[in-house]
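Now for the letters of each chain:
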Amino acid sequence: MFTLLRDEITFGVAESFCKEIPEGVRVEYKQEITHIPKIVSSFANTLGGIFIIGVEADKETNMAIFPIKGIPKASGIEEQIQRSASDGIYPAVMPDAKIVDIPNTNNVVVVVRVDESVQAPHAIQNSTKIYVREGSTTPPYEFADVDRIVYMLKRREDSQVVARQVMARMEERIQALYATEEPTLMVIAKPVFPYRPVISTSDIYTLGEAYGSPPRRVAGGVSYFRKDDVSVYREFNEYGIVCYRTELFEDEVEQAIEYGRFLSPIQYLIEDAEKLYTKCEYLGNIEVTAKLRHVFGKKLHDTTRTVHGRSKRITEGLRAEPECFDSTVSTSTRCLLSDFQDTEKLTDIVEELVLPLLWAFNIPTNDPWKREQIRKRIKSE
């Protein structure tokens, strides 16, 4: 159950898990909804784990006691658990909770999954107790235990460490899925200071229902990927980090990248980010980054039309070929969620990201006419 999709967790799966796995460093059973901050924080501070509510454990063997009784089915159980973890733990932890019906009863079990946290140490009881997992117990580590506390504090001393670690895991997954030297564009949105989770993985799971590919659970989030004519990878993370990555096909005749291909991925990323930030009501500063890879020696092609009834391109009149002399090109801008919902401000965001990418292909984006055409193209997409 550590890696199953939410929809794959059934009562049969949970029952089999309870029969085979005793309580320990990564597993906890509780008959009632109790000690949520203590248990969830202890998993987050150690190796992550699974916490099943509605299951009693034998105190000597640490194995689940059968038959499984569960707890009475009621509305708001998932929200109760998440609120308890969010309000009772500092920094907040947002676990993934799945409610599973027990057949032929009005009872349920709740499967709570917690990832190891890069924000550890997580404290409870007004920030005076820090718990970790040791065997089948959750003993407190007092602040006097310098080595353990310092180790965890070093992992979160800079909020950007969180973003770097999450994005490094994204990169590893993408490289494993799509090993390519072809031109690619990756666009990422994230809170400027991603110091805490802003959304639960349960809520993340519902964001991509229209993508047409099944969601895959990854550490702290959900990913979607496909490998068709155009390979696309999407990921949503509990820290509010959203990723959209795609290959950039080259024109078969001119062997060049069409600059309009920069626009759609940026706009898709912004749509994805708007979904997540709206869902969790995030109102902080957002950083959007676009990165081109494997573009050294690649040319740029464009199909800008209009201007007094004849076709004219933004590459027209250049003294040199629109060819990139860098292998990697990055650009970023900062904004707010409200900017995504304002047409002019949204155009400004996309323009701020696209102009440095075009500059890398020898496009003089300080030329007023070219900037005007670029902006018109953004609005028409």
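Residues numbered from 1 in each chain as written. Predicted model: local features only at pLDDT ≥ 70, side-chain atom pairs only at ≥ 80, totals over all residues. Heavy atoms only, no water.

## Some details on the overall build of the chain
Within the chain one finds 10 helices and 17 strands. Overall, the C-alpha framework of the chain stretches about 80 × 50 × 35 Å when taken along its three principal axes. Looking at the chain as a whole, 52% of its 381 residues qualify as buried. Counting every atom, the chain has about 18,000 Å² of accessible surface; 49% of that belongs to carbon and sulfur. (Helix = DSSP H or I, 4+ residues; strand = E, 2+ residues; numbered from the N terminus. Buried < 20%, exposed > 50% of the residue type's maximum accessible area, 1.4 Å probe, protein only. Areas by Shrake-Rupley, 256 points an atom, 1.4 Å probe, with all protein chains shown as cover.)

## Some details on the state of the cysteines
Tallied over the full model, the rule gives zero disulfides. C243 forms no disulfide, and the closest cysteine sulfur to it belongs to C335, at a distance of 16 Å. Look at C335 and you get buried, because its relative accessible area is 6%. (Disulfide = S-S within 2.5 Å.)

## Side note on unusual backbone geometry
Note: most peptide bonds trans; most residues except glycine with negative phi. For the peptide bond that leads from F66 to P67, omega is 0 degrees, which places it in the cis range. If you trace the backbone, P67 turns up in the loop between β2 (49-53) and β3 (71-72). A cis geometry characterises the amide bond from Y90 onward to P91, with omega recorded as -10 degrees. At H294, a residue that is not glycine, the phi angle is positive and equals roughly 60 degrees. With phi around 70 degrees, N362 is a residue other than glycine that occupies positive phi space. Among the secondary structure elements, N362 is positioned in the loop between α9 (343-359) and α10 (368-380).

## Some words on the pairing of strand β17 (residues 329-335)
Judged by which residues are buried, β17 turns out to be one-sided: V329, T331, T333 and C335 face inward and are buried, whereas S330, S332 and R334, on the alternate face, are not. Pairing geometry for strand β15 (residues 286-293) and β17, over seven bridges, is antiparallel. Counterpart to I286 in the pairing with β17 is C335. (Pairing = 2+ DSSP bridges.)

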